[in-house]
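# Close look at the chain arrangement
The lines below spell out each chain.
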Amino acid sequence: MSSIIAEGLKSVASYKSALIGAAIILMLVGISIYTVAAIPYDEAVRLWRAGEQTWIEAPRNAYPTWYSYILQKRLPETIIKDSSKPELGVNKVIVPAGETIKVLRIEMSFAFDYDDIPSEINIFYTVRYNKSAPQITMTWIKPDGTEIELRKFNPGSDGAYYLSVDASLASREVERLVNKFGQRPSYELTPTVSLFAVEDRSILERDTVTVMKGVYRLSVEGLLLDPQSDFDLKLVVYGKVYGWAGTDHLRRDIGIALLWGTPIALTFGLIASVSIALIQMAIGAVSAWFGGVVDNFIQRVTEVFIVLPFLPTLIMVSTLYKIDIWTILLVVIILLSFGPGVKNYRAVFLQLKESQYIEAAKAFGAGAPRIILLHLVPRVIPTMIPAIVYSVADFVFLEAALAILGIGDPRTPTWGKVIEDSFYGGALFKGLYYWTLQPAFLLLITSLSFALVGLTLDKIFNPRLREV
Amino acid sequence: MTTESLVRTEELRIYFPVRKFFGTVGEVKAVDGVNLSIGRKETVALVGESGCGKTTLGRALLGLVKPKSGKIFFDGTDLTILSERELKLMRRRMGVVFQDPYASLNPSFTVYRIVEEPLVVNKIGSKEERREMVLKALEEVKLNPAEFFASKYPHMLSGGQRQRVAIARAIITKPEFVVTDEPVSMLDASIRVEILLLFREIQKKHGVSFLYITHDLATAKYFSDRIAIMYAGRIVETGPTKAVLSEPLHPYTQALIDAIPDPDPSNRFVMRKIPPGQPPSLVNPPKGCRFHPRCPFFMQGKCDVLEPPMYRVGVERFSACFLHEEKVTIK
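Residues numbered from 1 in each chain as written. Chains lettered and ligands numbered in written order. Predicted model: local features only at pLDDT ≥ 70, side-chain atom pairs only at ≥ 80, totals over all residues. Heavy atoms only, no water.

- Per an unreviewed UniProt entry, the recorded name for chain B is ABC transporter ATP-binding protein, and the organism is Caldiarchaeum subterraneum.

Below, the structure written as structure tokens:
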């Protein structure tokens, strides 16, 4: 048997399509191994289920980084400056100005030479005081020197200033532009745009807005009214690209789901196809070998299972019980154990069972388990192997299909889950093609690779197909 | 019949049910009241046309088919009442060689494993002992060098070589009785004799009894001591091979021998007597003598009513035909 497999492998190598398929499979396996080693499963689940708080510093619906190369322009990446972590371009000075009063000055500057306006700007701050909250004034200074007062306030507690959605800032900006150009912008101006756009008439039209490149500054002045009082802030200028796979509507890195989707898809597909094929074969063998009542019973059960509508049953089960992906796998295996394959294998075994070498085995005293395991089963393995390889892709697709139908495991990051999210997030409507197409592409190459290898194995193990 | 017999059947009947939907609508009477005995170191040829039940009889002697009634004695033990476990122990003392050397070997095993398998199943010997036994058996069936053939797969061998492997497998457990079911009918004429010679050599060496099932009278004559002619589930004539073939007594045996092509060119226009009609259906065999619808000596009111008993018609010779009624005494 082992020499037959070795021969088979040797002839697989002579088919180019199989080599391509095998290369893709190897790549997917490599990705899986890397993923499992680099991001532990619990960590991946935690990141995937974490919600906005964990991902607060990632842009929403950002493109993958490689979009920059395709669009031939530099899309902004996220810039983070933190006053509690001094670095180049971040200055924080506290000067005493009396017995208890201190003057705080924070200067942040960063170079911005991207070709697009950032997607969002947030400022997160922490504050410490005994009785009276500090007085804080934030000013935005554009590279051309334009100063824009953002906000003047007394932060009572830690919080965030969502600059992009600050309505009063937006209306002040519109007023400023009206004063400067004598005309209102023709579109709804957001602070993000006005803080980053070139200060000329181009800012008045949505289509002509251009980015002002250069060094931006955020200047914060404050009065700390208590001796122990302190104030720190973190400026996050969200970019339009993130990671190699982009982010979704919850700011999550899609890359995590795509990476973790690989081992999950492969494991799901392989476990399902191998175990279903083996179980069906075992049931078929038992049915054919023992015949009579056993056969009758197994065949009737099989017919019942074949008639059961697979997908609706699965939907019902996963609706009634909140099940995770491995339970889904178990249900799939149970539902398909008595599948049509039982009939096929039974037919093959019925024929093999009557062959003379089986009769000879009985004649020299071999028992049923030995005959089934050593004399019958090895005969169907050549037809089983291509079938197993083929059906891996089926089950990978099935898992994705279940996720898209919303009955997958909501916890686990999978390709299907990403496609479902993108569907509900209106990805294609909003032009966020990467969101849908990346997992779809992975699904596609997975099934393609298994199909290529399966086709070749079929040709090798069933030589009659070779002429076709 | 001698008490020295190794295998003996008594009124053996093997019926197969004919099923339709859920009920049994009839029975195929493949073997219907057969008395046969095979002595030690004796070769008995079981001859009959296709579908007369000779293969079924052979399988029953190995305990592979459960008879409906009757007894099968192997070395004094009735096989029909043994449990499956006891039967397995008895089967160690028997061997079988099938007709089709292409189907009777597991294609996914090497020759070595094929021949070793009976030893493994019956837990005979240690690994090294088994290896020695297998190589010896291969040498015995003239597969030389044994080491070379042992590593081959069946598909790499010719039909004759495969049949030798099958023989090696049959004799590896040192059986006392081997059923050979048309072992040479699928082989080239040139190889047939070699295989039959091999059987004879094995018999001489190990004192094995053979049941040689065939439809070929020529090889039966070449190989067997005694012959049993079977027709439609019953044995119609037995006796020493040479005597039966040179002087057939039962009308069916006569017809069989008449049907052998005559190589003499001067006889090429002679019409040979061939019994009309076809062998009867075993589901619903003719009443009385099974051969009566085709028999040239058909006696109305006798052959189609009564079943002819076995008449002793000579030294060790028996024939089941009413023609012998006046000449001999009932056995």
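## Digging into the environment of L62 of chain B
All names here are of chain B.
- Positionally, L62 belongs in the loop between α1 (54-61) and β4 (69-74).
- Looking at L62, the relative accessible area reads 3%, which means it is buried.
- In the structure, L62 is positioned 17 residues away from L79 in sequence and 8.7 Å away in space, judged by C-alpha atoms.
- Discounting chain neighbours no more than four positions away, the residues touching L62 are R91, M94, G95, V96 and V179. (Helix = DSSP H or I, 4+ residues; strand = E, 2+ residues; numbered from the N terminus. Buried < 20%, exposed > 50% of the residue type's maximum accessible area, 1.4 Å probe, protein only. Contact = heavy atoms within 4.5 Å.)

## Observations concerning the packing of helix α14 (residues 415-424) of chain A against helix α16 (residues 433-461) of chain A
Residue and element names in this part refer to chain A.
- At a minimum axis separation of 8 Å, α14 and α16 run at an interaxial angle of 150 degrees. In terms of axis orientation, α14 runs roughly antiparallel to α16. The interaxial crossing formed by α14 with α16 has left-handed handedness. Packed against α14, whose contacting residues are W415, V418, I419, D421 and S422, the element α16 presents W435, T436, P439, A440, L442, L443 and T446 at the interface.
- In terms of residue class, the contact of α14 with α16 is built from 8 nonpolar, 3 polar and 1 charged. (Axes fitted to C-alpha atoms, helices over the stretch in contact; angles between N-to-C directions. Parallel < 35°, antiparallel > 145°, perpendicular 65-115°, else oblique. Left-handed = near helix turned anticlockwise from the far one by under 90°. Nonpolar A, V, L, I, M, F, W, Y, C, P; charged D, E, K, R; others polar.)

## Brief notes about unusual backbone geometry
All names here are of chain B.
- Following N144, the chain continues into P145 via a peptide bond in cis, with omega recorded as -5 degrees.
- Within the fold, P145 resides in the loop between α4 (127-140) and α5 (146-150).
- For K174, which is not glycine, the phi torsion reads 55 degrees and is therefore positive.
- Inspection of the secondary structure puts K174 in the loop between α6 (159-171) and β7 (177-181).
- For E316, which is not glycine, the phi dihedral falls at a positive 60 degrees.
- Examined against the element boundaries, E316 turns out to sit in the loop between β11 (311-314) and β12 (317-319).

## Describing the side chain of E117 of chain B
- Along the chain, E117 of chain B falls in helix α3 (residues 111-121).
- For E117 of chain B, a relative accessible area of 3% puts it in the buried group.
- A polar contact is formed between the side chain of E117 of chain B and the side chain of R370 of chain A, at a distance of 2.7 Å.
- Non-local contacts of E117 of chain B, meaning those with residues more than four positions away in its chain, are made with F364, R370, L374 and H375 of chain A together with F109 of chain B. (Polar contact = N/O pair within 3.5 Å; in protein donor to acceptor, adjacent residues only side chain to side chain.)

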